[in-house]
Amino acid sequence: MNQSDRIFNNIFTVQYTIKAFNSINPSQRNYFTGFPNLYNIKVKALSVTNINPSITNAVLTLADRKKIIKLTNYPIIDLSITNNPRLKLFNIDGIDLTSSYWIIGGSGVGFGTDTLLFNLHFHY
Amino acid sequence: MIQPIIENSYLVEINLGTIAAQKQINFNFIPQLEGSTIYSIQTFSASDLAISPNGSTVVSTAGLAAVTVTFTVGDNQDIYLYPTSDLRAASNAGFQRLFNNKRLNLTKSFVTIQTVAGINNNESVLFLFHYRTK
């Protein structure tokens, strides 16, 4: 498991806009939608950027195309390069983003409209 | 320095309940981790994840320093009274602690409250297990 020889073929940023505070439902599953070119990808690394500092309640669940959960309630803050200087490496095949979702618990979202960016490093 | 490549991960929560020094709280049975091989473990404080997925307040970074964890393999306490704060990557320049492919007996594993300083009743300690399936 040597990360020094990893070469990323594709880096795709999935942008998600988190709506205003009063339209966020805590514990609601927010599924990824609208990325047909990201079906059945092999995720090799994952990071988040432009994360609102108050979004410390968000967790991510990734499922593959067989609906098997690979990451269960993964704290999104751990993927932030700002918070955690080392890029998180993954080896997850067959990811289906439409079966994957993130959840904000409690009231951790700031006011106004925030944008959450997931940076997927992947192969097909 | 090698960092683990994550294949599967599962976030497990232990609620401390009414806190008292030397109180031990066992992990619950987690079907997804039964028979799995665990190779890395992380913890998080309220600075990382303020509210757990179950809605509980997560211990503070100082609170992690009040708790140790013991992991059992079979009947052997392989990891004994490990300071939980050492598993928080954000406190360790982002490094995750690696373990030698342990098939943990979670229900015989437990956290121990060493001191009540820095923690409050009904706060939770979070463990993120990185694992390979059987």
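Above this text sits the structure in question.
Residues numbered from 1 in each chain as written. Chains lettered and ligands numbered in written order. Predicted model: local features only at pLDDT ≥ 70, side-chain atom pairs only at ≥ 80, totals over all residues. Heavy atoms only, no water.

> Help me understand the nonpolar core, please; the structure alone is not making it clear to me.
Nonpolar side chains tend to gather and get buried jointly when the protein is soluble and globular. If you look at the biggest cluster of nonpolar residues, it comprises 35 residues, and the most contacted ones within it are A:L60, A:F90, A:L97, A:F118 and A:L120. Those elements that place two or more of their residues in this core are β3 (39-49), β4 (58-63), β5 (69-75), β6 (88-96), β7 (101-104) and β8 (114-123) of chain A together with β9 (124-132) of chain B. In contact with A:L97, other than residues within four places in its own chain, are A:V14, A:F32, A:F35, A:L38, A:L62 and A:L120. One finds B:V59, B:A66, B:V67 and B:F127 within the second-largest nonpolar core, a separate group that totals 30 residues. (Core = buried A, V, L, I, M, F, W, Y, C linked by side-chain atoms within 4.5 Å. Buried < 20%, exposed > 50% of the residue type's maximum accessible area, 1.4 Å probe, protein only. Helix = DSSP H or I, 4+ residues; strand = E, 2+ residues; numbered from the N terminus. Contact = heavy atoms within 4.5 Å.)

> Teacher, can you tell me more about the packing of aromatic side chains here?
How two aromatic rings sit relative to each other is given by the distance of their centres and the angle of their planes. All names here are of chain B. As enumerated under the stated definition, the model contains 11 aromatic pairs over all chains in all. Between F27 and F71, the ring centres sit 5.8 Å apart and the planes meet at 35 degrees, which makes this aromatic pair tilted. Separated by 44 residues along the polypeptide, F27 in the loop between β3 (24-26) and β4 (37-44) and F71 in strand β5 (residues 67-73) bring together distant segments of the chain. Here the two residues F27 and F71 agree in accessibility, since each one is buried. Each residue in the set F27, F71, F127 and F129 is aromatic and connected to the rest through ring pairs, giving one cluster. Of note, R132 hangs over the ring of Y39, and the distance from its end group to the ring centre comes to 4.2 Å. (Phe/Tyr/Trp six-rings, centres within 6.5 Å; stacked < 30°, edge-to-face > 60°. Lys NZ or Arg CZ within 6 Å of the ring centre and 35° of its normal.)

> Any chance you could explain the interface of chain A and chain B here in plain terms?
Quoted interface sizes are often the accessible area lost when the parts come together. The interface of chain A with chain B comprises 26 residues on the first partner and 30 residues on the second. Of the roughly 2300 Å² buried between chain A and chain B, counting both surfaces, carbon and sulfur atoms make up 55%. One can count 0 salt bridges joining chain A with chain B. Linking chain A with chain B are 7 residue pairs in polar contact (both at pLDDT 80 or more). When residues of the side of chain A that touches chain B are traced back to their parent elements, those giving at least two are β4, β5 and β6 of chain A. By residue number, the principal contributor to the side of chain A that touches chain B is β5(A), which donates 7 residues. Residues of the side of chain A that touches chain B, tallied by class, amount to 12 nonpolar, 9 polar and 5 charged. (Buried area = accessible area lost by both parts, 1.4 Å probe. Salt bridge = Lys/Arg side-chain N within 4 Å of Asp/Glu carboxyl O. Polar contact = N/O pair within 3.5 Å; in protein donor to acceptor, adjacent residues only side chain to side chain. Nonpolar A, V, L, I, M, F, W, Y, C, P; charged D, E, K, R; others polar.)

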